[in-house]
Amino acid sequence: MNRLGKFLQIDRRWIFLAILIAVLAPFIWPMGLPIVITKPVQDLYNAVDAIPPNGEPLFISIDYSPSTVPELDPMALAILRHAFSKDIRVAVLTLDPAGYGLAERALEAVAAEFGKERHKDYVFLGFQPGISAVVLGMGINIRNVFPEDAYGTPLSEIPMMEGIRNYDQIPLLITLSGTAVVEAWVIYAHQPYDAQIGAGVTAVMATDYYPFLDTGQLVGMLGGMRGAAEYETLIDRHDAGVRGMDSQSVIHILIIVLIVVGNIAYFGSRKRAPETAGGDAAA
Amino acid sequence: MRALLPALSLSVSVLLALFPPAGRAADAPLSEVVRETAAPAAVTGLQARDYLDNNDRGDKIELSWCLSADDGAGALSVLEYRVWRSQAPDEQGELVATLEPGTAAHVDTGVTPGVAYYYRVEAFDGALSSPAATAGPAVGRINLFQTSRLPVLVLSLAFFAMVIWFTRLAARGTNLFVRRIPGLNAVEEAVGRATEMGRPVLYVPGIGEIDDIQTIASLTILSHVAKIAAEYETPLIVPTARSVVMSAAEEVVKEAYAEAGHPDNYNPDNIRYLSDAQFAFAGAVSGIMMRERPAANLYLGAFWAESLLFAETGFETKAIQVAGTANVSQLPFFVTACDYTLLGEELYAASAYLSREPKLLGGLKGSDWMKVITICIIVAGVVLTALGVPQFGRWFFTQ
Amino acid sequence: MNMTLIGTTLAALLTIAVYSFLYKDNPFYKFAEHLVVGVSAGYYLVIYYYNFIDPTVVSPVFRLRIGGDAILLGGVDWWMALIPGLLGLILYARFFPKIGWVSRWALGIYVGGYSGLGIAPVMQARVLDQIRGGALPVHALHTGQGWTNLLLVVGLLGTLTYFFFSLKHKGVLGGLARIGIVFIMVGFGASFGYTVMSRVSLLIGRMNFLLHDWLRIV
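This text gives an overview of the structure that appears in the document. (Residues numbered from 1 in each chain as written. Chains lettered and ligands numbered in written order. Predicted model: local features only at pLDDT ≥ 70, side-chain atom pairs only at ≥ 80, totals over all residues. Heavy atoms only, no water.)

**Description of the overall build of chain B**
Logical step 1: On a plain count of helices and strands, chain B comes out with 12 helices and 13 strands.
Logical step 2: When the 399 residues of chain B are sorted by exposure, 45% land in the buried category.
Logical step 3: For chain B, the share of sequence-separated contacts (at least 6 apart) that also reach a separation of at least 24 residues comes to 66%.
Logical step 4: When the accessible surface of chain B is summed, it comes to about 19000 Å², and 59% of that surface belongs to carbon and sulfur atoms. (Helix = DSSP H or I, 4+ residues; strand = E, 2+ residues; numbered from the N terminus. Buried < 20%, exposed > 50% of the residue type's maximum accessible area, 1.4 Å probe, protein only. Contact = heavy atoms within 4.5 Å. Areas by Shrake-Rupley, 256 points an atom, 1.4 Å probe, with all protein chains shown as cover.)

So this is what it looks like as structure tokens:
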């Protein structure tokens, strides 16, 4: 087998090692690559910024589980910091049972950072299953779906929730999710009730939701860790999102190089040995 | 000298304050005197009615009025309008809104549908309120039909009508043409190659539940593959991730072998339930690929993140691979690592083509003609937009 | 005892145990995998009960309270909590062969209800609004946006044509379908790239956790 063909047989653990080095090196020697703000992120930032302080609350639905924390948690923290820095009230809920702990952790940490008071500046509504049933129910009356907050306090006794009945009193709802929950918010909240919906999604799902962005069904969108990094840049913070961007760029370059070299090796070795594995059935 | 004029004006002011000219209050300038005795003019033409909007839940009442004559008038300038709501005509009720000057309309949200309300609107100038204008009773009513959603109704009815029509045609035995999916050729070729090499065929029907439409489509194609495998006497291995799917697969394969005339060749040990856990199932199937070395791997059904694991491991074993799923996010992985991929709806089309089941055919034909309607509307929209006719888009703008 | 440090260290060790699979399958990886399955099952059970079953069914039916408000036994709210609760319990009848048929009634109501609620909004969100978004001005080809619009419309029509099964792909239809598959493949490429980015982000997130939150060296 020629050298090119041998390259295709390389033990994949060498590639794992190369990727590990590509991830670690920028953490230890940061490069500070510039982060350009894209329109979907800017639109979402503007929508949050436009909410009047100490008025109707921004709703954040933390609909993700630990498997997507690296991409979505930085978004949640950035949006919460933005809101609290502008004295915007926040109500957090979750449609994913695993999201309960993540939502509570993020909310309590950022609220403590800004000295915010529970029930006056923020409220944690907790978890409700049913996704579309919850989204639809909130369109009639939030209390039908969340009669109490996560700690058992009835919503009628929470000062900041006074007068907040349904989507008419919610200036913006942002859903952070790695699954099709975003679609449920658009279909069951935006379409029937004109709710203003923004989204933060994993990069895997971002391509699925660009059509909603183009038609205005989503106010704005953060896609993956890159979206979180852009939002952090807009609020002048240097957190997990921004920290990860150097590594992201280096790994992407490494992968591009591997793809190019792999293709050269593949076609180069095919020229010399036409019998290839797996067949080439016409696509 | 410079200090003389200010001193003089100060003295005059003090004298005027102490000894005001006749006809005015002792210590008030003209505007304040007038304010004490006259309130701003009332608003006129107050109307209260059920608010009609795109999404009327009957919980809004719309108010409109003509501005007070003293709105922006200077001396008696209105500072705000106050809106009161009650359920009795002679009660003031509760204050529901304070509005800026220049506001001539307001939508009162949060009323209970079906309850009669009475409204009062007053102009307030900072000290006094105008006489209240009253209106009522106004009742919020839930609309039976949202006219702005008419396009949704029309399209939905058209779609249902087409599906039902084609299903009935298929049930009556009419030959409904469905083009042969090229992927089916790839499936048959894969089974043929496995037979030549004397190695088994691996068929993974996805990890969805039995009620997932992709699993049902996959089992239809499994029946077809099992018949070919039975004819060629090629072993067929079917690992499943759901116990109910395993039972269904057993029935399908057994029947296929019987129809092909080789009931004795059916081996129930080849239909295996491995694990419900996603990655445990992926690991177990990878193990089968490495140990039993099937020459053809068919992945047809509902897949999620484990799709790339299957496709990669199968590629390593140099098997011919054909995949099909409607989970769009997994299609790139299959396209990259497999020899042929059925994209999305092609999976359903393949199962409709093979089974000729009326419901599957009816659904396929109905959605096909829905696509024709969609294409026509888009082309019409593009042409009309180019000709500067925007009304077209507004008919679809249902918000 | 700093519980945060212990928790972080435990999480870090489990992360390393899972990543050890990249070298070889081993007992540490298997332990971590089984642990996550068990812990998440227990965690979900508790969350479901205290956040959903208790306030929505148990509290209204047995304690006669919804949120902070008292409700009447036999009143509308009480029945509205009891009946769906019973329907949910009926779903478990499928485990008993003699009465298993009853669960189909509950399932029918559930599936029918969700389908009915979904048909109109999905038709609007996924079809009508996308049609509206597809009828773009393609005539302004002196601008970059005009070319983008043209590309989008051509790709949209080609893709729809590719998935048309009632006619053979021949002639003009075949040509349009071939254009469609090119756009589909470009879309898959973009989707694949995004997915690679997503997977890489997960790795970066874990490294960030190990280096920043655990070892504190960055």
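**Observations concerning the overall build of chain C**
Logical step 1: If you tally the helices and strands in chain C, you get 6 helices and 2 strands.
Logical step 2: Since a compact globule built from 218 residues should have a radius of gyration of about 17 Å, the 28 Å found for chain C marks it as more spread out than a globular shape.
Logical step 3: Expressed along its principal axes, the backbone C-alpha trace of chain C runs to roughly 70 × 60 × 40 Å.
Logical step 4: Out of the 218 residues in chain C, the part that is buried amounts to 33%.
Logical step 5: Summing over all exposed atoms, chain C offers an accessible surface of approximately 13500 Å²; the carbon and sulfur share of this is 75%.
Logical step 6: Looking at chain C, you have 15 positive and 7 negative side-chain charges, and the mean spots of the two groups are 15 Å apart. (Rg over C-alpha atoms; globule rule 2.2 N^0.38 Å. Lys, Arg positive; Asp, Glu negative; His and termini not counted. Charge placed at Lys NZ, Arg CZ, Asp CG, Glu CD.)

**What about the sheet that holds strand S8 (residues 201–206) of chain B?**
Residue and element names in this part refer to chain B.
Logical step 1: Read across the open sheet, the 6 strands follow the order S10-S9-S8-S11-S12-S13; overall the sheet is parallel. Each end of this open sheet is capped by a strand with a single partner; those strands are strand S10 (271–273) and strand S13 (340–343). Going from strand to strand, the sheet's axes swing by 15° on average, the running direction of each strand aside.
Logical step 2: The pairing of strand S11 (residues 296–302) with strand S12 (residues 320–325) spans 5 bridges and is parallel. Bridge pairing in S12 links Leu300 to Gly324.
Logical step 3: Along the sheet, helix H6 (residues 243–259) contacts S8, strand S9 (236–240) and S10; its crossing angle with S10, the most-contacted strand, is approximately 180°.
Logical step 4: Each of S8, S9, S10 and S11 touches helix H7 (residues 278–292); the most contacted strand, S9, lies at about 165° to it. (Pairing = 2+ DSSP bridges. Axes fitted to C-alpha atoms, helices over the stretch in contact; angles between N-to-C directions.)

**Focus: the interface of chain C and chain A**
Logical step 1: At the interface, 43 residues of chain C touch 54 residues of chain A.
Logical step 2: Across the chain C to chain A interface the summed buried area is about 4300 Å²; carbon plus sulfur atoms make up 66%.
Logical step 3: Taken together, chain C and chain A are joined by 1 salt bridge.
Logical step 4: Here C:Arg126 makes a salt bridge to A:Glu183, at a shortest N to O gap of 2.9 Å.
Logical step 5: Linking chain C to chain A there are 14 residue pairs in polar contact (both at pLDDT 80 or more).
Logical step 6: Sorting the residues of the side of chain C that touches chain A by element identifies helix H2 (27–63), helix H4 (102–134) and helix H6 (171–214) of chain C as the ones contributing at least two each.
Logical step 7: No other element matches the 17 residues that H6(C) contributes to the side of chain C that touches chain A.
Logical step 8: Looking at the side of chain C that touches chain A residue by residue, the class counts come to 24 nonpolar, 15 polar and 4 charged. (Buried area = accessible area lost by both parts, 1.4 Å probe. Salt bridge = Lys/Arg side-chain N within 4 Å of Asp/Glu carboxyl O. Polar contact = N/O pair within 3.5 Å; in protein donor to acceptor, adjacent residues only side chain to side chain. Nonpolar A, V, L, I, M, F, W, Y, C, P; charged D, E, K, R; others polar.)

**Focus on the sheet that holds strand S4 (residues 94–99) of chain B**
Residue and element names in this part refer to chain B.
Logical step 1: Here we have 4 strands laid out as an open sheet, ordered S4-S3-S6-S7, and antiparallel in their pairing. Two strands lie at the open edges of the sheet, namely S4 and strand S7 (133–139), each paired on one side alone. Between one strand and the next, the sheet's axes are offset by a mean angle of 25°, whatever the strand orientation.

**Observations regarding unusual backbone geometry**
Logical step 1: Residue B:Pro137 follows B:Gly136 across a cis peptide bond; omega there is 0°.
Logical step 2: Following the sequence through the fold, B:Pro137 ends up in strand S7.
Logical step 3: Backbone geometry at A:Asp194 places phi at a positive 60°, although glycine is not the residue there.
Logical step 4: One non-glycine residue, C:Leu64, lies in positive phi territory at about 55°.
Logical step 5: You can see C:Leu64 is positioned in the loop between H2 and strand S1 (65–66).
Logical step 6: On the accessibility criterion, C:Leu64 (26% relative accessible area) is partly exposed.

**As for helix H5 (residues 213–232) of chain B**
All names here are of chain B.
Logical step 1: Under the 1.5 Å per step criterion, the end-to-end length of H5 is 29 Å for 20 residues, consistent within 8% with the ideal 28 Å.
Logical step 2: For H5, the tally of buried residues reaches 14 of 20 residues, placing the bulk of the element in the interior.
Logical step 3: Backbone nitrogen of Gln214 and a side-chain oxygen of the N-cap are separated by 2.9 Å at the start of H5; the cap is Asp212.
Logical step 4: Taken from the residues just after H5, Glu233 is the one with a positive phi, measuring 60°. (Expected span 1.5 Å × (residues − 1).)

**Observations regarding the pattern of salt bridges**
Logical step 1: This model, assessed by the stated rule, comprises 28 salt bridges over all chains.
Logical step 2: Between A:Asp73 and A:Arg105 there is a salt bridge, with the nearest N and O atoms lying 3.0 Å from each other. With A:Asp73 in helix H4 (residues 69–85) and A:Arg105 in helix H5 (residues 99–114), the pair connects residues that are 32 residues apart, well separated along the chain.
Logical step 3: A:Asp73 gets classed as buried once you look at its relative accessible area, which sits at 9%.
Logical step 4: Note that B:Glu345 and B:Lys371 form a salt bridge whose closest N and O atoms lie 2.8 Å from each other. On the criterion of sequence distance, the pair formed by B:Glu345 in helix H10 (residues 345–355) and B:Lys371 in helix H11 (residues 358–386) is long-range, its members being 26 residues apart.
Logical step 5: A single network of salt bridges, built from pairs that share partners, joins A:Arg81, A:Glu113, A:Arg237 and A:Asp239.

**Thoughts on a nonpolar patch on the surface**
Residue and element names in this part refer to chain A.
Logical step 1: A cluster of nonpolar side chains, contributed by Phe7, Ile10, Trp14, Leu17, Leu20, Ile21, Ile253, Val257 and Val261, occupies part of the molecular surface with about 800 Å² of accessible area.
Logical step 2: Sorting the residues of the nonpolar patch by element identifies helix H2 (12–28) and helix H11 (240–272) as the ones contributing at least two each.
Logical step 3: Turning to its location among the elements, Ile21 is positioned in helix H2. (Patch = residues over 30% accessible without salt bridge, like charges linked within 9 Å, V, L, I, M, F, W, Y side chains within 5 Å.)

**Brief notes about the nonpolar core**
Logical step 1: Residues B:Tyr203, B:Leu222, B:Leu236 and B:Leu298 are the most contacted members of the largest nonpolar core, which totals 57 residues.
Logical step 2: In terms of residues, this core owes the most to one element, H5(B), which gives 9 residues.
Logical step 3: When near neighbours in sequence (up to four residues on either side) are disregarded, B:Tyr203 contacts B:Ser218, B:Ile221, B:Leu222, B:Val225, B:Leu236, B:Ile237, B:Val238, B:Pro239, B:Leu298 and B:Leu300.
Logical step 4: Counting residues in each nonpolar core, the second largest holds 43 residues, with A:Leu136, A:Val181, A:Val204 and C:Ala125 among its members. (Core = buried A, V, L, I, M, F, W, Y, C linked by side-chain atoms within 4.5 Å.)

**A few points about the environment of A:Arg226**
Logical step 1: Within the secondary structure layout, A:Arg226 lies in helix H10 (residues 224–234).
Logical step 2: Owing to a relative accessible area of 27%, A:Arg226 belongs among the partly exposed residues under this scheme.
Logical step 3: Once the C-alpha coordinates of A:Arg226 and A:Met245 are considered, the two residues, 19 residues apart in sequence, prove to be 6.9 Å apart.
Logical step 4: Setting aside chain neighbours within four positions, we find A:Arg226 in contact with A:Ile35, A:Val36, A:Met245 and C:Met197.
Logical step 5: There is a polar contact of 2.8 Å between the side chain of A:Arg226 and the backbone oxygen of A:Val36.

**Digging into the environment of A:Ala91**
Residue and element names in this part refer to chain A.
Logical step 1: Here Ala91 is to be found in strand S2 (residues 90–94).
Logical step 2: Given the relative accessible area of 0%, Ala91 is considered buried.
Logical step 3: Remark: the alpha-carbon pair of Ala91 and Asp121, spanning 30 residues in sequence, is separated by 8.6 Å.
Logical step 4: Sequence-distant contacts of Ala91, defined by excluding residues within four places in its chain, comprise Pro57, Leu58, Phe59, Ile60, Val123 and Met160.

**Re the pairing of S11(B)**
Residues and elements named next belong to chain B.
Logical step 1: Burial analysis of S11 places 7 of its 7 residues in the buried class, the great majority of the element.
Logical step 2: Both S8 and S11 contribute to a ladder of 5 bridges, which runs parallel. Directly across from Val201, in S11, lies its bridge partner Ala296.
Logical step 3: In terms of handedness, the path from S11 via helix H8 (residues 307–316) over to S12 forms a crossover that is right-handed. (Right-handed = clockwise from strand over helix to strand, strands pointing away.)

Read these as layout, nothing more, since geometry by itself doesn't imply function.
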